[in-house]
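# Survey of secondary and tertiary structure
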Amino acid sequence: MLGEGFRAPELRRARAQGLQVALAVSLYGVSFGALAVALGFSLGQTMVLSLVMFSGASQFAFVGVVATGGLAAVPAAIATAGLLGARNSLYSLTMSPIIGNGFFRRALAAHLTVDESTAVSTAQETRLAAQHGFWATAFWLYLGWNVSTLVGALAGDALGDVKAWGLDAVAAAAFLALLWPRLVSLDPVAVAVGAAAVTAVLIPVVPAGVPVLCAAGVGIVTAVVRGIRSRNAPAV
């Protein structure tokens, strides 16, 4: 990858795109670090989540559920974070031929395969450019996300009471920010409304974390039903 042609225009462009995306998304880590510490997670615990989990939506879900339900909600928090992070495993179908062979290379790529690294990689026109785009995005995003998490955690520790600064609403706002760009047609809007209704009904009567899992179930059931209907639909 670092041999002849490293300075080719298409490869430089792929790496530049990766850096730009990573810098923009990394700033989001400040919010996570501040929120996690303000909700009661230690600096070490917060950093472990970013270093090991490395999935923004899953991290926000985990700290949000645990902060609401305490230690009893940890299993639900793990399940919720796992469901949100499951999409990254689906990216492997696309990324596997791009990454290539080699156990350690593929293991490292598996940890660094997220929305942004996949998007930059698949936007390139050649396999080599896709590799450059993936690794550039992955490296800078991993570095930037963890540095910004540290900055946010240190700042959150200094802020003190989370409610006094309104940071107790950041997790919900983060989910809304992730969801909003996907509401571009009637189907996702209907799923979102249905999931919100299920969550609102269950919150008063079930333990923390369970409403989120049930809301995810709405999306899963919808996808299954849609798949069955598409298979049974008559050919045109």
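This one's a predicted model, so the numbers in the text were calculated from it and none came from an experiment. (Residues numbered from 1 in each chain as written. Predicted model: local features only at pLDDT ≥ 70, side-chain atom pairs only at ≥ 80, totals over all residues. Heavy atoms only, no water.)

With that out of the way, let us pick up the packing of aromatic side chains. Aromatic ring pairs are defined here through the distance separating the ring centres and the angle between the ring planes. Throughout the structure, instances matching the rule amount to 8 aromatic pairs. With a centroid separation of 5.0 Å and 75° between ring planes, the pair formed by Phe54 and Tyr142 is classed as edge-to-face. Of this pair, Phe54 sits in the loop between helix H3 (43-53) and helix H4 (56-69) while Tyr142 sits in helix H9 (residues 127-159); the two residues are 88 residues apart in sequence, bridging distant segments of the chain. Plain terms: the ring middles of Phe103 and Phe104 are 5.3 Å apart, the flat faces sit at 80° to each other, and that makes the pair edge-to-face. Looking at Phe103, the relative accessible area reads 65%, which means it is exposed. Taken together, the ring pairs connect Tyr28, Phe32, Phe60 and Trp145 into an aromatic cluster. (Phe/Tyr/Trp six-rings, centres within 6.5 Å; stacked < 30°, edge-to-face > 60°. Helix = DSSP H or I, 4+ residues; strand = E, 2+ residues; numbered from the N terminus. Buried < 20%, exposed > 50% of the residue type's maximum accessible area, 1.4 Å probe, protein only.)

Averaged over all residues, the pLDDT of the protein chain is 81; the fraction at 70 or higher stands at 83%. Ranking the helices and strands of the protein chain by mean pLDDT puts H3 first, with 94, and helix H10 (residues 170-179) last, with 58. (pLDDT = per-residue confidence, 0-100.)

A separate point is the packing of helix H1 (residues 9-26) against helix H2 (residues 28-38). For the pair H1 and H2, interaxial distance at closest approach is 4 Å and the crossing angle is 30°. Comparing their axes, H2 and H1 come out roughly parallel. Each of Ala24, Val25 and Ser26 in H1 lies in contact with H2, whose residues at this interface are Tyr28, Gly29 and Val30. Within the contact of H1 with H2, the residues separate by chemical class into 4 nonpolar, 2 polar and no charged. (Axes fitted to C-alpha atoms, helices over the stretch in contact; angles between N-to-C directions. Parallel < 35°, antiparallel > 145°, perpendicular 65-115°, else oblique. Contact = heavy atoms within 4.5 Å. Nonpolar A, V, L, I, M, F, W, Y, C, P; charged D, E, K, R; others polar.)

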